[in-house]
Amino acid sequence: AVLTGHLAPQLSGLERAGALAGSAILARRSTVATSQEGGAVVPDTVQVEYRARTGIHSRADYERMYRHSVDDPAGFWGDIAAGFVWERRWAPDHFSYNLDLQSGRVSTRIFAGGRTNIAFNCLDRHVEAGRGSQPCFLWEGNDVGQERKMTYGEVLQEVCRVANWLKSVGVRKGDAVAIYLPLICELPIAMLACTRLGAVHSVVFAGFSADSLAQRCIDCRSRVIITASGGMRGSKRVELKQIVDAAAKVAAEKGHKIHKALVVEHPAAPRGKCPWARGRDVWYGDAVPAQQATCQVEWVDAEDPLFLLYTSGSTGNPKGVVHSTGGYMVGAATTAKYCFDLQPGDVYWCTADCGWITGHTYLAYGPLLNAATNVIYEGVPLHPQPDRMWQIVEKCKVRTLYTAPTLIRALEAQGDTWVKKHDRSSLRVLGSVGEPINPRAWRWLFEVVGERRCPVIDTWWQTETGTVMISPLPGAWPESPGSATLPFFGVVPVLVNDKGKELHGATEGILCIKQTWPAAIRTIKGDHKRFEQTYFSTFKGLYFTGDGCRRDDRGYYTITGRVDDVINVSGHRVGTAEVEAALAAHGACVEAAVVGVEHKIKGQGIYAYVALAQDEEPSEATRKSLIAAVRQHIGAFAAPDVIHWAPGLPKTRSGKIMRRILRKIAVNADSELGDVSTLADPSVVQAIISMRVTQL
Ligand code: WTA
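All values derive from a computational prediction rather than experimental measurement. (Residues numbered from 1 in each chain as written. Predicted model: local features only at pLDDT ≥ 70, side-chain atom pairs only at ≥ 80, totals over all residues. Heavy atoms only, no water.)

**Looking at the environment of Glu447**
Its place among the elements puts Glu447 in helix H16 (residues 439–449). On the basis of relative accessible area, Glu447 is assigned to the partly exposed category, the value being 33%. Note: C-alpha distance between Glu447 and Asp498 (51 residues apart in sequence) is 39 Å. Of note is the side chain of Glu447, whose polar atom sits 3.1 Å from the side chain of Arg452. (Helix = DSSP H or I, 4+ residues; strand = E, 2+ residues; numbered from the N terminus. Buried < 20%, exposed > 50% of the residue type's maximum accessible area, 1.4 Å probe, protein only. Polar contact = N/O pair within 3.5 Å; in protein donor to acceptor, adjacent residues only side chain to side chain.)

Structure below.
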């Protein structure tokens, strides 16, 4: 039985936390944000609107709530969690963690002892509160005119049907289910169907190759996959089902069998044209509508895994990041509410794909937990014309638009006329995520798209952090182009030097996190040691983010980029080691080294140095086939922008590749190479320079 919160007004805990701040603030009403260092400030009239909604009227309000969240995390998060439905309440001492490897196993436990279900909180809770007929998804297809509207009531029923089908093929609590779908309503529906049963979803972005998909299915032992017959990205067809078939074959060769594939029929690949494995493949349209439209939820422990999401690091294979149920749920809802000023019924659009963490937290879970109306767009931003996004904003009356710098730059490059053609008066909040946003793109977003009316919320976070960690709150304090500003509730950032010494005041260093937070990564699937090594062995007692960061005298944090060998291409994380392994697997390549370089649209591009085998020609054909190898092993988004033929790689005498030198050569900074005398063969540097190409 449902014991707590069932009849409590929606998000009462959140409201309580807000009211807490609100009461003390009336006196400070006159606080008007001032422009600092070229910072942009939205008009006071707009700020008042935000403040009335979030209850945070100034930085002082925020500081008060922030202190509470950090000093008494159990109480702070407990108050908020009370606004959700729990089958069993958490224990009084529910918040515990250890981030210090030397004191034992690294762990985080939040809402321990509590039992809940996130699908119930995303859907049933709202339907029971009378929101059944409110639009949940406003879907826009790749082509103009393709659209679908689903209410909360309809989504709930569809989720139940898919959950019943999953049960019928033997999926149980704790099982992993792979999802490989284009951005259609069935994608978040499939995710929610899994969580309804306590099954763990593993969404694989539909741009990953068969090899990558196979590797992920094998790693988490998923025997069921939910996919589609095909997809459309602009004018390009994506042969999803063929990729799934190839992945199943690769997996089978490695001893892992995919038992069932549930296939959504996509207009891009109708029935007759889709390859089929009898006995394994099932059409969604045949199997799902026949299922019952109700399905009892499986209540799970707060610390039971909710989902797995693979992400790249600087070494080795992708890691299956494991997120928890209770902490993630409360964290996703709270960050979505405060960072985007999100209220029930608001039209909200996150342009990320569910294949990445942003799509998990801020397309699927966060907005649904807040009963928002979600725009979902299947296609690419410039299709069929560069005003597609603005047309959708106008049509759906989007209030919040959450997107990525790479997209903003691509749209800016098309000129302002495309934007101005469409009414954007519905817009109130603009969000950015995935990579540092350059001030020029920031200003364009603020001035042209948002007409100087909408705060720009530059959110810093990671797959591992689960939810936004550093971000402005709309209207609460002045923003600064390119800065994520201040930590969210419960987040304690610290900057350290390379020895791990904590730095204070205005300074620059490596960004780490000191205390745990609700949506923190709990482990890496099947490898807790790797989890501890990757994130907690660099600096004692601290979560290591891999990012460099500056803090100014206002306390604002500005992320400067990765300090490890991870490249951020169009906001997608690509591990250098994975690209190097894909190149090295090609017969023509003896050795490869990959570095990131600045790219006008993508933020970073991939620059690969390749040493060829003796009898190989550095020809155009070889270049193409090396790039094809990366597409095949990882996916098209990881394809190198430049292949630089190298007679050898610059290595230290102990065999370590000196990437510092390769980064400089890639950007023609030959005069800044520094000391090369420690190289095993210093002459290789000149040889590499002499073979420079310009393809970027
Ligand atoms: C980068 C995406 C600067 C950062 C949610 C981080 C950012 C990595 C920002 C995580 C931002 C993300 N400003 N850099 N606002 N947001 N990053 O796991 O390097 O795909 O470590 O998560 O993206 O990428 P991931």
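**What about the sheet that holds strand S18 (residues 373–377)?**
Consider a sheet: its strands pair through backbone hydrogen bonds, and that pairing is either parallel or antiparallel. The strand order across the open sheet formed by seven strands is S6-S5-S18-S17-S19-S20-S21, and the pairing between neighbours is mixed. Two strands lie at the open edges of the sheet, namely strand S6 (147–151) and strand S21 (456–458), each paired on one side alone. If you compare each strand with its neighbour and ignore which way they point, the axes differ by 20° on average. Direction of pairing for strand S20 (residues 429–432) relative to S21: parallel, over a ladder of three bridges. When the sheet's bridge partners are listed, Ser432 is paired in S21 with Asp458. (Pairing = 2+ DSSP bridges. Axes fitted to C-alpha atoms, helices over the stretch in contact; angles between N-to-C directions.)

**Notes on the confidence of the model for the protein chain**
The predicted model of the protein chain averages 91 in pLDDT, with 92% of residues at 70 or higher. A low-confidence stretch, residues 1–38 stays under pLDDT 50, and its non-local contacts, those more than four residues away or across chains, total 76 contacts. Scoring of the predicted complex yields 0.92 for pTM and 1.00 for ipTM. (pLDDT = per-residue confidence, 0-100. Contact = heavy atoms within 4.5 Å.)

**A closer look at unusual backbone geometry**
The amide bond that connects His383 to the next residue, Pro384, takes the cis arrangement and shows omega of -5°. On the secondary structure map, Pro384 appears in the loop between S18 and helix H13 (388–396). Even without a glycine there, the phi angle at Glu451 is positive, about 50°. Here the phi dihedral of Ser570 falls at roughly 50°; this positive angle occurs in a residue that is not glycine. Looking at the secondary structure, you find Ser570 in the loop between strand S28 (566–569) and strand S29 (572–575).

**Quick look at the UniProt feature "domain: Acetyl-coenzyme A synthetase N-terminal" (unreviewed entry) in the protein chain**
Following the UniProt record, the feature "domain: Acetyl-coenzyme A synthetase N-terminal" (unreviewed entry) maps to residues 62–122 here. Across residues 62–122, helical content stands at 39% and strand content at 18%; the span's end C-alpha atoms are separated by 27 Å. (UniProt positions renumbered as here; feature names shortened; annotations may be inferred.)

**Comments concerning the environment of Asp301**
Note on placement: Asp301 falls in strand S14 (residues 300–301). Among all residues touching Asp301, those that are not within four sequence positions of it are Arg88, Gly114, Arg115 and Thr325. A polar atom in the side chain of Asp301 sits 2.9 Å from the side chain of Arg115.

**What about the side chain of Asp547?**
Secondary-structure assignment places Asp547 in strand S26 (residues 543–551). Despite being buried, Asp547 has no salt bridge partner; Arg562 is the closest side chain of opposite charge, sitting 4.3 Å away. (Lys, Arg positive; Asp, Glu negative; His and termini not counted. Salt bridge = Lys/Arg side-chain N within 4 Å of Asp/Glu carboxyl O.)

**Focus: the site of the ligand**
Near the ligand lie 17 residues; those nearest to it are Asp458, Thr459, Thr463, Asp547 and Arg573. Here a nitrogen atom of the ligand and a side-chain polar atom of Asp458 are 2.8 Å apart. Within the side chain of Asn568, an N or O atom sits 3.1 Å from an oxygen atom of the ligand. The fraction of the free accessible surface of the ligand (520 Å²) that becomes covered by protein chains is 97%. At the level of secondary structure, the elements contributing two or more residues to the shell around the ligand comprise helix H12 (357–369) and strand S27 (557–562). Here the residues of the shell around the ligand sort into six nonpolar, six polar and five charged. (Near = heavy atom within 4 Å. Areas by Shrake-Rupley, 256 points an atom, 1.4 Å probe, with all protein chains shown as cover. Nonpolar A, V, L, I, M, F, W, Y, C, P; charged D, E, K, R; others polar.)

**A look at the packing of helix H11 (residues 326–339) against H12**
H12 packs onto H11 with a crossing angle of 85° between their chain directions and a minimal axis gap of 8 Å. The angle between H11 and H12 places the two elements in the roughly perpendicular class. Taken together, the residues of H12 that come into contact with H11 (itself represented by Tyr328, Met329, Ala332, Ala333, Thr335 and Ala336) are His360, Thr361, Tyr362, Tyr365, Gly366 and Leu369. The class makeup of the residues in the contact of H11 with H12 is eight nonpolar, four polar and no charged. (Parallel < 35°, antiparallel > 145°, perpendicular 65-115°, else oblique.)

**Brief notes about the pairing of strand S30 (residues 589–599)**
Within S30, eight of the eleven residues are buried, which leaves it mostly tucked inside the rest of the structure. Remark: three residues form the turn of the hairpin made by S30 and strand S31 (residues 603–612), two consecutive strands paired antiparallel.

**So, the packing of aromatic side chains**
Per the stated rule, a full pass over the model turns up 38 aromatic pairs. Relative to Trp356, the ring of Phe208 lies with its centre 5.8 Å away and its plane at 50°, an arrangement referred to as tilted. Here the residue Phe208 occupies a position in the loop between strand S8 (200–203) and helix H8 (210–220), and Trp356 occupies one in the loop between strand S17 (347–350) and H12, the gap between them amounting to 148 residues. Through successive ring pairs, a cluster of aromatic residues spans Tyr62, Tyr66, Phe76, Trp77, Tyr338, Trp477, Phe488 and Phe489. Lying over the aromatic face of Phe208, Arg216 brings its terminal NZ or CZ to 4.2 Å of the ring centre. When the ring centre of Tyr338 is taken as reference, the NZ or CZ atom of Lys337 above it lies at 5.7 Å. (Phe/Tyr/Trp six-rings, centres within 6.5 Å; stacked < 30°, edge-to-face > 60°. Lys NZ or Arg CZ within 6 Å of the ring centre and 35° of its normal.)

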